[in-house]
Amino acid sequence: MTAGARRCDVLVIGSGPAGQKAAIQAVKAGRTVVLIEHERAVGGACVHRGTIPSKTLRESAAQATRLARDAATWGVSPRAGVEVSSLMARLDHVVSAHAHYMGRQIDRNGIERHHGRARFVSPDTIEMTTVAGERSLFTADVIMVATGSRPRNPPEIPIDHENVLDSDSILSMLYLPASLTVLGGGVIASEYASIFAALGVKVTMIDRADRPLKFMDGELVAKFVEAFQRAGGTYIGEQTIGGVTFDGVSKVLTTLSDGRVVASDKMLVALGRAANVDELNLGAAGLAPNARGLLAVDDHCRTANPRVYAVGDVVGPPSLAATAMEQGRRAARHALGLAEGASSETIPIGIYTIPEMASVGLSEDEARKRLGAALVGRARFDEVARGQISGITDGLLKLVADGTGKKLLGVHIVGEGATELVHVGQMALLGQMDVDTFVENIFNFPTLAEAYRVAALDLVQKR
Amino acid sequence: MAFAISTQEPSPLAGPGSPENPPSSTGIDPDEQEVLRGRVADRLGTGNIVLPLLPQVASQVLALTSQPTVDALQLSNLIHRDPALAGQVLRIANSPAYMPSMPIVSLQQAVARLGMQTVTEIVLAASLQSGTFKVPGYEGALKRLWRHGLASGLFAKEIARLLRSNVESAFLCGLLHAVGKPALLQVVADAQRDRHRERGTRGAVPDQALRELLSEFHTGVGLRIATSWALPQPVVNAIAFYASFERAQANRREAAVACLADLFAADFDEPQPTFEAEVRGQPVIGELNLYPEDVAQLLAKRPAVARTVESMTL
């Protein structure tokens, strides 16, 4: 222990979803916990720059989509030339309310929180520097690194936050551009591409993969791409970027590997995220980032230094808030010698594209690989009364079962409401229920949840 | 944040202070200062404020566009030197007269979408609407105000870049955060002229008194301009709250960026040896979560910003 250092049982660096859940788990286990947050407010990028701000913009885009759909009924049409700030009018309130709630939760649980930058000075000691430059030392039995990530800035692309933007700076654009090129095919790229397309921006999405969101079920992604194209978007796959330049007047020019040049008013670069490890002085803890700049961890989120754990974006994909929370909780339990609980296979994935996508459990391909066979039941939202009533007809729900068609293995949904609807499937998986449960039980009518029953009936017929 | 305003010529004030009625620290008889203040307030109450435009810029734009090799970037850079003119051009370019399919948010865009000739016409129209505006005795003050605005815009860009925020929005917030001051200068000069007529005196308002008047009234004037120009909400909030960002209900970050940019620009106007130490202790540094090394990065940008301001100053 370093002389003059404050001692605690668990020290958490970062108060995003992963760090917060780790801290709360540790304090609930009766340990003394210190939480150091680099930003002024708690919550991490999730609250201040990522999940919540982008979902606020998405809500406006979804409203615009509904308005456009019902324009004739109400005799109105979406206004052109909308300020981005007006689309996010509630953002400051939402962020401040959420950060306040999280701060209160941390305080209520007796977690000691500090505002400052943390760096290792030895394998068990952290030096914290405040904004005012004051330094102090902390030592702990367990150190949980949950410092999150920031947009990756590929050196060959001139991100100037004026014409070529990243996922942080795009949210502070003054006006919607007429056209936007989105580089990338991951979650952030797909979410923003569909949001801006829904807002009337001419969006071109470019990626090296033949389709976006390769980790998601192909049928779901095909539905998403269809909806994106209906909104005026274009997906250009299997292309690498030859170069990006601003023409000096008004256009960003993107040269593709096949020689095509795409011109747009603005560009969003969403080519992954970089882990926030630069300031940690990992060498002092006997650690180093791996080739991808991430902290390597084992199945329990433990690093090569047995007292140091890493959770959330800092360990890499899937970089989703829900997954990060669960990593934080499980890592804390493991570090404190407590049982970790249920398998992480039942953590749902929610993607806030327009339309939404959600998934839990095994995909069709994974099930076939693991079990040799799988049966799938499908329900299109246009077969469900609520889908027709609400005008949500382009959705799809897939149930994946084992080769007998009995045991439920996974649920995959595309369509508005998917990120909520998936939890029914998650509970069924956690309860190890059979597919027949959906046939034998009644859902409220009319609801989108009925799609579970329709898909289950489809699956039963294939046995 | 106060900053220096120098008048072009020495400003002998009417009626030096008497032992019974000594001049205040503002260099003006306190009673007379109060009268002047009341006159300025009255004039603002009537509500009709014309923005000062520098006719030289319009002349230079004309000269520039007559050259066959000039491109859109050069034209927009020239207009950018004058925040009032730039704002007017954007406002007019976005007006129903030109019916842009999407809002025009930058001068480059205005030139690219509307063409150089149209933008030139807009510049002339803006100048004519405001008249060939001059504030005799206050030319130096006006120039310093524009320089301050430009420096604020450029510093705001650097702050935003550091914070990974949109620099285009930050530039406008910085450039226009105190846009009320140049407009107010004319109001103050007119009020002073009236007093001179009544009293048979002459001279410009002394620096300190002028500084206080501008400081007191410019936010309200700036907001009127923001409304008439239909400026974007983040810019409006930066104008309203840059001096009190903690009160901003929305766009608090933009207001704080404008606040810090204003501090850096004030040091650019009148360099202070203690600036580096003092700026680190400002509440806005904590608000923007700038650690010592971040502030050091911004401080290191000062020479580059100064060079840009000098190159863009008429």
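Everything quoted here is computed from the prediction, not taken from an experiment.

**Some details on the overall build of chain A**
Line of reasoning, step 1. The helix and strand tally for chain A stands at 14 helices and 22 strands.
Line of reasoning, step 2. A compact globule built from 463 residues should have a C-alpha radius of gyration of about 23 Å, and chain A, at 23 Å, falls within 12% of that.
Line of reasoning, step 3. Each principal axis of the C-alpha distribution contributes one length, and for chain A these read about 70 × 60 × 40 Å.
Line of reasoning, step 4. Looking at chain A as a whole, 54% of its 463 residues are labelled buried.
Line of reasoning, step 5. The average position of the 49 basic charges and that of the 51 acidic charges among the side chains of chain A differ by 2 Å.

**Digging into the interface of chain B and chain A**
Line of reasoning, step 1. Taken together, the contacts link 39 residues of chain B with 39 residues of chain A.
Line of reasoning, step 2. Buried surface at the junction of chain B and chain A, both sides included, amounts to about 3000 Å², of which 52% is carbon and sulfur.
Line of reasoning, step 3. Broken down residue by residue, the surface that chain B buries against chain A is led by Arg 164, Asn 166 and Tyr 291 of chain B, which jointly contribute 26%.
Line of reasoning, step 4. The interface formed by chain B and chain A includes 6 salt bridges.

**Examining the sheet that holds strand β8 (residues 164-166) of chain A**
Residue and element names in this part refer to chain A.
Line of reasoning, step 1. Across the sheet, 5 strands lie side by side as β8-β15-β9-β10-β11; this open sheet has parallel pairing. Every other strand in the sheet has two partners, leaving β8 and β11 (234-236) as the edge strands with one partner each. Strand-to-strand, the axes of this sheet are offset by a mean angle of 25°, without reference to chain direction.
Line of reasoning, step 2. Judged from the 3 bridges that link them, β8 and strand β15 (residues 266-269) form a sheet pairing that is parallel. Note that in β15 the partner of Val 164 across the bridge is Met 267.

**Concerning the state of the cysteines**
Residues and elements named next belong to chain B.
Line of reasoning, step 1. As enumerated under the stated definition, the model contains 0 disulfides over all chains in all.
Line of reasoning, step 2. Cysteine Cys 173 remains unbridged, with the sulfur of Cys 259 as its closest cysteine sulfur at 13 Å.
Line of reasoning, step 3. The buried category is assigned to Cys 173, whose relative accessible area is 1%.
Line of reasoning, step 4. Relative accessible area serves as the criterion here: at 13%, Cys 259 is assigned to the buried category.

**Quick notes on the confidence of the model for chain B**
All names here are of chain B.
Line of reasoning, step 1. For chain B, per-residue confidence averages 77 on the pLDDT scale, and residues scoring 70 or more make up 72% of the total.
Line of reasoning, step 2. Of all secondary-structure elements in chain B, the lowest mean pLDDT belongs to helix α2 (residues 55-65), at 58, while helix α12 (residues 252-269) reaches the highest, 95.
Line of reasoning, step 3. Below a pLDDT of 50 lies the segment residues 1-23, which in the model reaches 57 contacts outside its immediate sequence neighbourhood of four places, other chains included.
Line of reasoning, step 4. This prediction of the complex comes with two scores: 0.80 for pTM and 0.78 for ipTM.

**Quick notes on unusual backbone geometry**
Residues and elements named next belong to chain A.
Line of reasoning, step 1. Between Ile 354 and the following residue, Pro 355, the backbone shows a cis peptide bond with an omega angle of 0°.
Line of reasoning, step 2. Mapped onto the elements, Pro 355 comes out in the loop between β18 (349-351) and β19 (357-361).
Line of reasoning, step 3. Residues Phe 445 and Pro 446 are joined by a peptide bond in cis, for which omega reads -5°.
Line of reasoning, step 4. Locating Pro 446 in the fold gives a position in the loop between α13 (436-440) and α14 (450-461).
Line of reasoning, step 5. With phi around 70°, Cys 301 is a residue other than glycine that occupies positive phi space.

**Comments concerning the side chain of Ser 190 of chain A**
Line of reasoning, step 1. Take Ser 190 of chain A: it is sitting in helix α7 (residues 187-198).
Line of reasoning, step 2. Apart from the residues within four sequence positions on either side, Ser 190 of chain A is in contact with Gly 185, Met 205, Pro 212, Leu 213, Phe 224 and Thr 353 of chain A.

**Re the packing of helix α11 (residues 233-241) of chain B against α12 of chain B**
Residue and element names in this part refer to chain B.
Line of reasoning, step 1. It is at 8 Å that the axes of α11 and α12 come closest, and there the two elements cross at 55°. Classed by the angle they form, the pair α11 and α12 counts as oblique. As for how α11 packs across α12, the hand of that crossing is right-handed. Contacts from Pro 234, Asn 237, Ala 238 and Phe 241 in α11 reach Glu 254, Ala 255 and Ala 258 in α12.
Line of reasoning, step 2. Classifying every residue of the contact of α11 with α12 by side-chain character gives 5 nonpolar, 1 polar and 1 charged.

**Some thoughts on the pairing of strand β6 (residues 135-145) of chain A**
Residue and element names in this part refer to chain A.
Line of reasoning, step 1. Inspection of the sheet shows strand β1 (residues 6-13) paired to β6 by 7 bridges, in the parallel sense. Bridge pairing in β6 links Val 12 to Met 144.
Line of reasoning, step 2. In this sheet, strand β17 (residues 308-310) lies alongside β6 in parallel orientation, the contact comprising 3 bridges. Across the sheet, residue Ile 143 finds its bridge partner in β17, namely Val 308.

Cut-offs applied
Residues numbered from 1 in each chain as written. Chains lettered and ligands numbered in written order. Predicted model: local features only at pLDDT ≥ 70, side-chain atom pairs only at ≥ 80, totals over all residues. Heavy atoms only, no water. Helix = DSSP H or I, 4+ residues; strand = E, 2+ residues; numbered from the N terminus. Rg over C-alpha atoms; globule rule 2.2 N^0.38 Å. Buried < 20%, exposed > 50% of the residue type's maximum accessible area, 1.4 Å probe, protein only. Lys, Arg positive; Asp, Glu negative; His and termini not counted. Charge placed at Lys NZ, Arg CZ, Asp CG, Glu CD. Contact = heavy atoms within 4.5 Å. Buried area = accessible area lost by both parts, 1.4 Å probe. Salt bridge = Lys/Arg side-chain N within 4 Å of Asp/Glu carboxyl O. Pairing = 2+ DSSP bridges. Axes fitted to C-alpha atoms, helices over the stretch in contact; angles between N-to-C directions. Disulfide = S-S within 2.5 Å. pLDDT = per-residue confidence, 0-100. Parallel < 35°, antiparallel > 145°, perpendicular 65-115°, else oblique. Left-handed = near helix turned anticlockwise from the far one by under 90°. Nonpolar A, V, L, I, M, F, W, Y, C, P; charged D, E, K, R; others polar.

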